[in-house]
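What the coordinates show
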Amino acid sequence: MFVKHGMNSGFSSLASSAVLRRQQFLIRSLKGYSVSDKIRMEAVKCLSGGASLEANAESVLRTITPSLDPTRHKGQAGKIAVIGGCREYTGAPYFAAISALKIGADLSHVFCTEGAATVIKSYSPELIVHPILEESYNISGVNDEGKRDISKKILSEFDKWMERFDCLLVGPGLGRDPFLLECVSKIMTRARQSNVPIVVDGDGLFLVTNSIELVSGYRLAVLTPNVNEYKRLVQKVLGCDVNDQNTHGELLSLSKQIGNVTILRKGKSDLISDGEKVQSVSIYGSPRRCGGQGDILSGSVAVFLFWARQCNSAAERESTISRTNPTVLGCIAGSALLRKAAALAFEHKKRSTLTTDIIEHLGQSLEAISPAS
Ligand SMILES: NC(=O)C1=CN([C@@H]2O[C@H](COP(=O)(O)OP(=O)(O)OC[C@H]3O[C@@H](n4cnc5c(N)ncnc54)[C@H](OP(=O)(O)O)[C@@H]3O)[C@@H](O)[C@H]2O)[C@@H](O)CC1
Ligand SMILES: Nc1ncnc2c1ncn2[C@@H]1O[C@H](COP(=O)(O)OP(=O)(O)OP(=O)(O)O)[C@@H](O)[C@H]1O
Ligand SMILES: [Mg+2]
């Protein structure tokens, strides 16, 4: 499957003839791997060497999206957990979690407050919803010791599941309640100790901006700030205002300063950096700026990050193949897919385009690049 599409349109535009010769050499020399493994490994290598700023996003998408293999069991295409959903926000965690499923993850969990859980469950029976988080207003009569017990209980509830997750997405619709954020800090610390990749978005970025040590130096962390969230990060971490004359240098510095955490700066073009280089995704999306598009993006990045890591593991088995940062590939793929889906949705719905319309076009957009059969 991958070979057929890899050798056609997108991949051939990516590969020079020298690369194709290398591919053929790899195919001859790598015994014991399937042909699709070999091609994918080579594609990863090509992508890692690309010098241009604009990412070859379609090739990335095609490369990291796994084929639908009948021998795989439920869960192997990804188990994602979204931490978010409180009294104010139920849409954001739903958008993120359902996008993960629509792209191809097998299971999508949401960890939220009890009130939000009922609402999120009513949006979709596909999601597995855990009503474990607590906000201060709900425990206002509880003393400090009682609060510590509640916090411990939340952590142990989460612990039961954590090792199963391929990626954690922290923040869509999380809110900013201090008690809730303290519990989420502990969840993040636990996830980091277990090497679970963490995507941080929305109010998760509010938390991380004020406690940067939660992600600092963690190579499996991705931050996806919008304009405001980026401004707050720059002010806190670099101690200055955003400089639009030095967009790339600033993003590189920010990532380096946080220990090479990958940052996806959302905007007219999405900019992605892991502190080594900056890549952009400028595929035309939609002129509609309705809320929730960032939630689709972060849910998508969570899945693609996992897929890119799986793809890299195959590449690492062949020592001659250089390693590509899967967090960067995940961001490129998520950004490109969201933009393509937004463009398709806008074509149909024009001014009335909403986030749910974009979600409905995720499958079609991915299918156009990496067909299921
Ligand atoms: N349906 C739901 O449940 C959704 C819930 N969501 C959740 O909400 C939580 C908070 O996230 P957030 O994005 O609203 O917070 P933040 O970025 O501080 O913006 C606050 C205000 O800043 C402004 N502003 C925004 N962009 C700007 C720009 N480019 N340039 C200039 N100004 C700009 C604008 O206000 P304005 O200044 O226009 O009045 C905006 O309202 C978070 O958990 C998130 O996940 C969302 O995901 C949406 C769908
Ligand atoms: N000015 C723009 N032109 C084109 N696309 C944009 C523009 N701004 C953002 N986008 C696209 O929309 C996506 C979401 O970015 P946005 O800044 O709306 O995030 P957000 O504020 O976090 O969204 P949410 O409402 O979900 O919280 C980005 O990945 C980007 O692809
Ligand atoms: Mg957002």
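Every chain is numbered on its own, with residues counted from 1 as its sequence reads. Naming scheme: in the order in which they are written, chains are lettered from A and ligands are numbered from 1. With pLDDT at 70 or above as the cut-off, local features in this predicted model cover only qualifying residues; side-chain atom pairs require 80 or more to be listed or tallied, and sums for whole chains, interfaces and linings still use all residues. Think of the side-chain values as coming from all heavy atoms in the structure, minus any hydrogens and water.

Structural notes on the overall build of the protein chain
Quick reminder of the rule: A run of H or I in DSSP becomes a helix once it reaches four residues, and a run of E becomes a strand once it reaches two; helices and strands are each numbered from the N terminus. The cut-offs for exposure are 20% and 50% of the maximum accessible area for each residue type, with area from a 1.4 Å probe on protein chains only; residues under the lower value are buried, those over the upper are exposed, and the others partly exposed. Contacts were defined at the residue level, with two residues in contact if any of their heavy atoms lie within 4.5 Å. Accessibility throughout is a Shrake-Rupley quantity obtained with a 1.4 Å probe, and a residue counts as covered only by protein chains that appear here.
Summing up its helical and strand segments, the protein chain has 16 helices and nine strands in all. Residues classed as buried in the protein chain amount to 55% of the 373 residues present. Within the protein chain, residue pairs in contact and separated by at least 24 positions form 68% of the contacts whose partners lie at least 6 positions apart. Working note: accessible area of the protein chain is about 16,100 Å², and carbon and sulfur atoms make up 50% of it.

Focus on the packing of aromatic side chains
In plain terms, the rule: Stacked, edge-to-face and tilted labels apply to pairs of Phe, Tyr and Trp rings (six-membered ring for Trp) whose centres lie within 6.5 Å, assigned for plane angles under 30 degrees, over 60, and everything in between, in that order.
Considering all chains together, one arrives at six aromatic pairs under this definition. With centroids separated by 5.1 Å and ring planes inclined at 65°, the aromatic side chains of Tyr 94 and Tyr 123 adopt a geometry described as edge-to-face. On the criterion of sequence distance, the pair formed by Tyr 94 in helix 6 (residues 91-103) and Tyr 123 in helix 7 (residues 114-123) is long-range, its members being 29 residues apart. Among the residues examined, Tyr 94 registers a relative accessible area of 16% and is labelled buried.

Points about the site of ligand 2
Selection rule: If even one non-hydrogen atom of a residue comes within 4 Å of a molecule or strand, that residue is called near it. Polar contacts, as used here, are pairs of N or O atoms within 3.5 Å; protein pairs need one atom able to donate a hydrogen and one able to accept it. Residues neighboring in sequence count only if both atoms are side-chain atoms. Any residue that is not Ala, Val, Leu, Ile, Met, Phe, Trp, Tyr, Cys, Pro, Asp, Glu, Lys or Arg is counted as polar, Gly included; the first ten are nonpolar and the last four charged.
As a matter of local geometry, ligand 2 sits amid 14 residues, with Asn 226, Lys 266, Asp 270, Gly 292 and Gly 294 nearest to it. The contact in question runs from an oxygen atom of ligand 2 to an N or O atom on the backbone of Gly 292, over 2.8 Å. Asp 295 is positioned such that a nitrogen or oxygen atom in its backbone is 3.1 Å from an oxygen atom of ligand 2. In isolation ligand 2 has 630 Å² of accessible area, and contact with the protein removes 77% of it. Secondary-structure elements contributing two or more residues to the shell around ligand 2 are helix 13 (293-316) and helix 14 (326-349). The element contributing the most residues to the shell around ligand 2 is helix 13, with four residues. Of the residues contributing to the shell around ligand 2, the split by class is two nonpolar, six polar and six charged.

Looking at helix 6
Here is the rule we go by: By this rule the span expected of a helix is its residue count minus one, scaled by 1.5 Å.
In this model helix 6 runs 18 Å from its N-terminal to its C-terminal C-alpha over 13 residues, within 8% of the 18 Å that 1.5 Å per residue would give. A large share of helix 6 lies buried, amounting to eleven of its 13 residues. For helix 6, the full list of buried residues reads Ala 92, Pro 93, Tyr 94, Phe 95, Ala 96, Ala 97, Ile 98, Ser 99, Ala 100, Leu 101 and Ile 103.

Quick word on the sheet that holds strand 6 (residues 221-223)
Applied cut-off: Strand pairing is defined by DSSP finding a minimum of two bridges between the two strands. To obtain an axis, a line is fitted to C-alpha atoms, over the contacting stretch when the element is a helix, and the angle between two such axes runs from 0 to 180 degrees between their N-to-C directions.
In spatial order, the strands read 3-2-1-4-5-6-7-8-9; together these nine strands make up an open sheet with mixed pairing. Looking at strand neighbours, the two that pair on one side only are strand 3 (128-133) and strand 9 (278-281), the edges of this open sheet. When strand polarity is set aside, the average angle formed by the axes of neighbouring strands in this sheet is 20°. Across three bridges, the pairing between strand 4 (residues 167-170) and strand 5 (residues 198-200) is parallel. Of the residues in strand 5, the one forming a bridge with Leu 168 is Ile 198. On top of the sheet, helix 10 (residues 203-210) reaches strand 4, strand 5 and strand 6; it is set at about 100° to strand 5, its chief contact. Each of strand 7 (262-265), strand 8 (270-273) and strand 9 touches helix 12 (residues 247-257); the most contacted strand, strand 8, lies at about 45° to it.

Examining the packing of helix 5 (residues 57-64) against helix 14
Applicable threshold: Orientation categories follow fixed angle ranges, with anything under 35 degrees roughly parallel, anything over 145 roughly antiparallel, 65 to 115 roughly perpendicular, and all other angles oblique. Crossing handedness is defined as follows: a turn of the near helix away from the far one that is anticlockwise and smaller than a right angle gives a left-handed crossing, while the clockwise case is right-handed.
It is the contact of helix 5 with helix 14, at a shortest axis distance of 9 Å, that shows an interaxial angle of 110°. With respect to helix 14, the axis of helix 5 lies roughly perpendicular. For the element pair helix 5 and helix 14, the recorded crossing hand is left-handed. Residues Ala 57, Glu 58, Val 60, Leu 61 and Ile 64 of helix 5 pack against Leu 329, Ile 332, Ala 333, Ala 336, Leu 337 and Lys 340 of helix 14. Residue classes in the contact of helix 5 with helix 14 are distributed as nine nonpolar, no polar and two charged.

Thoughts on the environment of Leu 220
Looking at the element boundaries, Leu 220 is found in the loop between helix 10 and strand 6. Under the relative-accessibility criterion, Leu 220 is labelled buried at 14%. For the pair Leu 220 and Leu 354, spaced 134 residues apart in sequence, the C-alpha separation works out to 31 Å. Apart from residues lying up to four places away in sequence, Leu 220 is in contact with Asn 195, Pro 197, Ile 198, Arg 309 and Thr 327.

Structural notes on the environment of Gly 85
Mapping Gly 85 onto the fold places it in the loop between strand 1 (79-83) and helix 6. The class of Gly 85 is buried, set by a relative accessible area of 0%. Taking the C-alpha atoms as reference, Gly 85 lies 23 Å from Gly 141; in sequence the two are 56 residues apart. Aside from chain neighbours lying at most four places away, what touches Gly 85 is Pro 93, Cys 112, Thr 113, Ala 116, Ile 120, Pro 172, Gly 173 and Leu 174.

Looking at the site of ligand 1
Close contacts around ligand 1 come from 16 residues, with Gly 173, Asp 203, Asn 226, Asn 228 and Asp 295 the closest. One of the backbone nitrogen or oxygen atoms of Ala 92 is found 3.0 Å away from an oxygen atom of ligand 1. Between an oxygen atom of ligand 1 and a side-chain N or O atom of Asp 203, the distance comes to 2.5 Å. Its free accessible area being 910 Å², ligand 1 has 49% of it covered by the protein chains. At the level of elements, helix 6 and helix 11 (227-237) are the ones that each hand at least two residues to the shell around ligand 1. When residues of the shell around ligand 1 are assigned to their parent elements, the largest contribution, four residues, is made by helix 11. Among the residues forming the shell around ligand 1, the class breakdown is six nonpolar, six polar and four charged.

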